[in-house]
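# Summary of the model geometry
Single-letter residue listing:
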Amino acid sequence: MSGPGGVGKGTLVKRLVASDPRLWLSRSWTTRPPRPGEDETAYEFVDHETFVRKRDSGGLLEWAEFLGRLYGTPLPDPPPDADVLLEIDVQGAEQVRRVYPDAVVVLVLAPSREAQAERLRCRGDDEEHVARRLQVAELEERAGRLLADHVVVNDDVDRAVAELAQIVEAHRRASGRKLVK
Ligand code: 5GP
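As a starting point, this report considers the structure included with it. As the structure is a computational prediction, the values presented were derived from the model and not from experiment. (Residues numbered from 1 in each chain as written. Predicted model: local features only at pLDDT ≥ 70, side-chain atom pairs only at ≥ 80, totals over all residues. Heavy atoms only, no water.)

## A short note on the nonpolar core
Convention followed: Side-chain atoms within 4.5 Å link the members of a nonpolar core, which is a set of buried Ala, Val, Leu, Ile, Met, Phe, Trp, Tyr and Cys residues. Residue burial is assigned from relative accessible area. The probe radius is 1.4 Å, only protein chains are included, and a residue is buried under 20% of its type maximum, exposed over 50%, and partly exposed in between. Going along the chain from the N terminus, every DSSP run of H or I of four or more residues is numbered as a helix, and every run of E of two or more is numbered as a strand. Contact criterion: two residues are considered in contact whenever any of their non-hydrogen atoms come within 4.5 Å of each other.
Counting 16 residues, the largest nonpolar core has Met1, Leu16 and Leu164 as its most contacted members. Mapped onto this core, the elements with two or more residues apiece are helix H1 (9-19), strand E7 (106-109) and helix H6 (157-175). In terms of residue count, H6 provides more of this core than any other element does, five residues in total. Those residues within four positions of methionine 1 in sequence are excluded, and the remaining contacts are Lys9, Val13, Leu16, Leu85, Leu86, Glu87, Ile88, Val106, Val108 and Leu164. One finds Leu86, Ile88, Val90 and Leu107 within the second-largest nonpolar core, a separate group that totals eleven residues.

So this is what it looks like as structure tokens:
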């Protein structure tokens with residue numbers, strides 16, 4: 001699951017995972033400090049040196065720099081029969097696609113720029129940061145549209161989660177890999 005900041009990916013991912021026990025959500029590493037009030041389990045918050053050591057020892061499936069901070073997915077270790085879900089930026093999704101060509105990429109978009117800006121403000125980002133994130137968002141949306149198998153607009157959380165659940169089920173059926181015995 002990919003898409004620009006402020007589109008509500010995190011909310012959708014949480015809801016989707018809560019409703020589907022076969023999804024296994026990866027926990028990313030980041031050098032970004034926690035935001036005020038942010039759940040301390042949202043990421044593995046690490047310093048730059050620790051991140052670089054992990055990356056350089058081959059411990060990351062993908063990684064990216066986003067607005068001066070590093071983010072990366074540790075090599076996944078899901079339980080058997082689980083489907084791995086990553087919530088990552090578009091640069092990361094491009095890398096995952098190279099490693100796993102059949103990875104399904106869903107681009108999540110906000111219904112409008114205003115809604116996206118509002119969401120960024122609500123979580124405590126200052127105006128300068130909001131403006132930078134919106135600039136990056138334009139580029140991410142363009143690159144994401146070229147990469148994505150599906151585009152989901154987060155206009156209504158219930159509706160968007162239902163659409164995501166349908167996408168997951170459709171790919172399970174198509175792959176035939178994950179049928180419960
Ligand atoms: P935020 O600082 O808002 O939590 O995350 C910034 C961006 O980094 C978001 O687009 C988020 O999806 C992305 N991100 C989070 N974890 C990872 C990761 O492990 N790898 C990559 N490439 N991007 C990530």
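## Observations regarding the sheet that holds strand E5 (residues 69-74)
Strands belonging to one sheet form pairs held by backbone hydrogen bonds; the direction of such a pair is parallel or antiparallel. Filter applied, for reference: Paired strands are those between which DSSP finds at least two bridges.
Taken in spatial order, the four strands line up as E3-E2-E5-E4 in an open sheet, and their pairing is mixed. Each edge of the sheet is formed by a strand with only one pairing partner; in this case those strands are strand E3 (44-45) and strand E4 (60-66). With two bridges connecting them, strand E2 (residues 29-30) and E3 associate as parallel partners. Bridge pairing links threonine 30 to phenylalanine 45 in E3.

## Looking at the packing of helix H3 (residues 90-99) against helix H5 (residues 127-147)
The criterion, for reference: Only the contacting stretch of a helix is used when fitting its axis, a line to C-alpha atoms as for every element, and angles between N-to-C directions run 0 to 180 degrees. For classification purposes, angles smaller than 35 degrees are called roughly parallel, those larger than 145 roughly antiparallel, those between 65 and 115 roughly perpendicular, and all remaining angles oblique. The handedness criterion is simple: a crossing whose near helix is rotated anticlockwise from the far helix by less than a right angle is left-handed, and one whose near helix is rotated clockwise is right-handed. Gly is put with the polar residues, along with every residue not named as nonpolar or charged; the nonpolar set is Ala, Val, Leu, Ile, Met, Phe, Trp, Tyr, Cys and Pro, and the charged set is Asp, Glu, Lys and Arg.
Remark: H3 packs on H5, axes separated minimally by 9 Å, with the N-to-C direction vectors making an angle of 25°. Here H5 runs roughly parallel to H3, going by the angle between their axes. In terms of crossing hand, the pair formed by H3 and H5 is left-handed. Every residue of H5 that contacts H3 at Val90, Ala93, Glu94 and Arg97 is listed here: Glu140, Ala143, Gly144 and Leu147. Looking at side-chain class alone, the contact of H3 with H5 contains four nonpolar, one polar and three charged residues.

## Some points on the site of the ligand
To keep things clear, this is the line we draw: We define proximity as follows: a residue is near a molecule or strand when any one of its heavy atoms falls within 4 Å of that partner. Polar contact is defined as a pair of N or O atoms within 3.5 Å, subject to the rule that within protein one atom must be able to donate a hydrogen and the other to accept it, and that residues adjacent in sequence are counted only when both atoms are side-chain atoms.
Taken together, the neighbourhood of the ligand is formed by 18 residues, with Ser28, Arg32, Tyr43, Glu62 and Tyr71 sitting nearest. Between the ligand and the protein, one listed contact pairs an oxygen atom with a side-chain N or O atom of tyrosine 43 at 2.5 Å. Contacts to the ligand include threonine 73, whose side-chain N or O atom sits 3.3 Å from an oxygen atom. Of all elements in the fold, only E4 and E5 reach the threshold of two or more residues within the shell around the ligand.

## Description of the packing of H1 against H6
Between H1 and H6, the least distance of the axes is 10 Å, while the angle of their chain directions is 60°. What the angle tells us is that H1 and H6 run oblique. Relative to H6, the crossing made by H1 is right-handed. Seen from H1, the contacting residues are Thr11, Leu12, Arg15 and Leu16; seen from H6, they are Val157, Asp158, Ala160, Val161, Leu164, Ala165 and Val168.

## Looking at H5
Structural remark: α-helix, 3.6 residues per turn; residues separated by three or four positions point the same way. Cut-off, in case you're wondering: Residue count minus one, scaled by 1.5 Å, sets the expected span of a helix.
Between the first and last C-alpha of H5 there are 30 Å, a value that for 21 residues agrees with the 30 Å anticipated at 1.5 Å per step. The complete set of buried residues in H5 reads Val130, Arg133, Leu134, Ala137, Glu140, Glu141, Gly144 and Leu147. On its buried face, H5 is in contact with E4, E5, H3, E7 and helix H4 (113-122).

## Some details on the pairing of E5
Within E5, five of the six residues are buried, which leaves the element mostly enclosed by the surrounding structure. With two bridges connecting them, E2 and E5 associate as antiparallel partners. From the neighbouring strand, tryptophan 29 faces E5, where its bridge partner is glycine 72. Here E4 runs beside E5; their pairing, made up of six bridges, is antiparallel. What sits directly across from glutamate 62, in E5, is threonine 73. Once E4 ends, the chain turns through two residues before running back antiparallel as E5, passing leucine 67 with a positive phi of about 45°.

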